Amino acid sequence: MKHLLKLMDLSKEEIYGILNMADQLKYEKKHNIPHRRLEGKTLGMIFQKSSTRTRVSFETGMYDLGGYALFLSSHDLQIGRGEPVEDTARVLSRYLDGIMIRTYRQEEVEKLAEYGSIPVINGLTDYCHPCQVLADLMTIREYKGTISGNKLTYIGDGNNMANSLIVGGIKLGMNVSVACPEAYRPDADIMKWASENGNFTCTENVLEAAENADVLYTDVWASMGQEAEADDRKLVFKGYQINDAVMEAAKKDAIVQHCLPAHREEEITAKIFEKHAAEIFDEAENRLHVQKAVLVKCLAS
Ligand code: CP
Ligand code: NVA
């Protein structure tokens, strides 16, 4: 695997390869077995948006693997002053072994990979969040034993999380249903692909989408970069929430996932969040293990 730009680029076998290696790395970490598979390698981490989980898990992940991670805020890089991504890619390729980037436009990530000569990992764009969904799939397998055949229901904004969950879920044989307002649907091409390649539905009806779900997933109503729309979105998304009624519609043993950060009483009630905190924080932990697997797959030569 050269890059991780979006899940659509990966085969089912490649995704399972990452998840299996993540399980192995999690085991090694828990048992204090050294796993310095990237001894002496360097990763540049470009951030144009805030982050807690992605930054800390990639940084400690590189440390665990025997490598070194550089935090590169776009406020300090010349890219923040207009240096083209094409040039940044060619320069950083001379210094580093890999780049992780969190930014707005997916095209920027693709360009970085095109012009650079080192692996590029997408740490979130407005379009998708592949690392998060790999951690989600890992967590679902831990709780449910298998991934295929489970029903995944996503409630809320048809955003980067929705896009990646649809692709990851459908590729691994999940039944995916999305509940969102008509004007906030996931990417049209992704929905078309999902309908043609698996069991996918999209509705405005939250309870209908949640019926018999094995996994209930939600994310913030206003993503990074949409802060100015936050008040309007609170009105539009009212009701697109994981709450008691939604849990009632799902299977009795349904798990709850949230990529975090969470806004209690908006997309999820505080009560349901705390009741399912174990699953949600296992999911957050799994970012570390799954990204280490991605790093090994992309950077180990
Ligand atoms: N879920 C996630 O990507 O969290 P951060 O924004 O804190 O990295
Ligand atoms: N949709 C959210 C995900 C955060 C991890 C955002 O883009 O802000």
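## Description of the sheet that holds strand 4 (residues 120-122)
Argument step 1. Sheet architecture is open: four strands sit in the order 2-1-3-4, paired in parallel fashion. Because the sheet does not close on itself, it has two edges, and the strands there are strand 2 (68-73) and strand 4. Strand-to-strand twist of the sheet, defined as the mean angle between neighbouring strand axes without regard to direction, takes the value 20°.
Argument step 2. Where helix 2 (residues 53-64) meets the sheet, it contacts strand 1 (42-47), strand 2, strand 3 (98-102) and strand 4, and its direction lies at approximately 175° from that of strand 1.

## A few points about the sheet that holds strand 5 (residues 151-155)
Argument step 1. With respect to topology, five strands assemble into an open sheet ordered 7-6-5-8-9, the strand pairing being parallel. This sheet does not close on itself; its edge strands, each paired only once, are strand 7 (199-203) and strand 9 (255-258). For this sheet, the mean inter-axis angle between neighbouring strands, taken without regard to orientation, is 20°.
Argument step 2. For strand 5 and strand 8 (residues 215-218), the ladder comprises four bridges, and the chain directions are parallel.

## Considering the site of ligand 2
Argument step 1. As a matter of local geometry, ligand 2 sits amid Leu124, His129, Asn159, Asn160, Asp219, Val220, Ser223, Met224 and Leu260.
Argument step 2. Contact between ligand 2 and asparagine 159: a nitrogen atom at 3.4 Å from a side-chain N or O atom of the residue.
Argument step 3. One nitrogen or oxygen atom from the side chain of serine 223 is found 2.7 Å from a nitrogen atom belonging to ligand 2.
Argument step 4. Relative to its free-state accessible area of 270 Å², ligand 2 is covered by the protein chains to the extent of 94%.

## Things to note about helix 12 (residues 277-299)
Argument step 1. Taking 1.5 Å per residue as the helical rise, helix 12 with its 23 residues ought to reach 33 Å, and the 33 Å between its terminal C-alpha atoms agrees with that figure.
Argument step 2. Among the 23 residues that make up helix 12, 18 are buried, leaving the element largely enclosed by the rest of the structure.

## As for the packing of helix 6 (residues 160-171) against helix 7 (residues 188-197)
Argument step 1. Running from amino to carboxyl end, helix 6 crosses helix 7 at an angle of 15°, the nearest separation of the two axes being 10 Å. One way to sum up the angle between helix 6 and helix 7 is to call them roughly parallel. As for how helix 6 packs across helix 7, the hand of that crossing is left-handed. Counted together, Asn163, Ile166, Val167, Ile170 and Lys171 of helix 6 and Ile190, Trp193, Ala194 and Asn197 of helix 7 form the full contact between these two elements.
Argument step 2. Counted by class, the contact of helix 6 with helix 7 contains six nonpolar, two polar and one charged residues.

## Quick look at the site of ligand 1
Argument step 1. Taken together, Ser51, Thr52, Arg53, Thr54, Arg102, His129, Gln132, Cys259, Leu260 and Arg287 form the complete shell of residues around ligand 1.
Argument step 2. Measuring from an oxygen atom of ligand 1, one finds a side-chain N or O atom of serine 51 at 2.6 Å.
Argument step 3. Glutamine 132 places a side-chain nitrogen or oxygen 3.0 Å from a nitrogen atom of ligand 1.
Argument step 4. Protein contact buries 95% of the 250 Å² of open area that ligand 1 shows by itself.
Argument step 5. In the shell around ligand 1, the residues fall into two nonpolar, five polar and three charged.

What counts, and at which threshold
- Residues numbered from 1 in each chain as written.
- Chains lettered and ligands numbered in written order.
- Predicted model: local features only at pLDDT ≥ 70, side-chain atom pairs only at ≥ 80, totals over all residues.
- Heavy atoms only, no water.
- Pairing = 2+ DSSP bridges.
- Helix = DSSP H or I, 4+ residues; strand = E, 2+ residues; numbered from the N terminus.
- Axes fitted to C-alpha atoms, helices over the stretch in contact; angles between N-to-C directions.
- Contact = heavy atoms within 4.5 Å.
- Near = heavy atom within 4 Å.
- Polar contact = N/O pair within 3.5 Å; in protein donor to acceptor, adjacent residues only side chain to side chain.
- Areas by Shrake-Rupley, 256 points an atom, 1.4 Å probe, with all protein chains shown as cover.
- Expected span 1.5 Å × (residues − 1).
- Buried < 20%, exposed > 50% of the residue type's maximum accessible area, 1.4 Å probe, protein only.
- Parallel < 35°, antiparallel > 145°, perpendicular 65-115°, else oblique.
- Left-handed = near helix turned anticlockwise from the far one by under 90°.
- Nonpolar A, V, L, I, M, F, W, Y, C, P; charged D, E, K, R; others polar.

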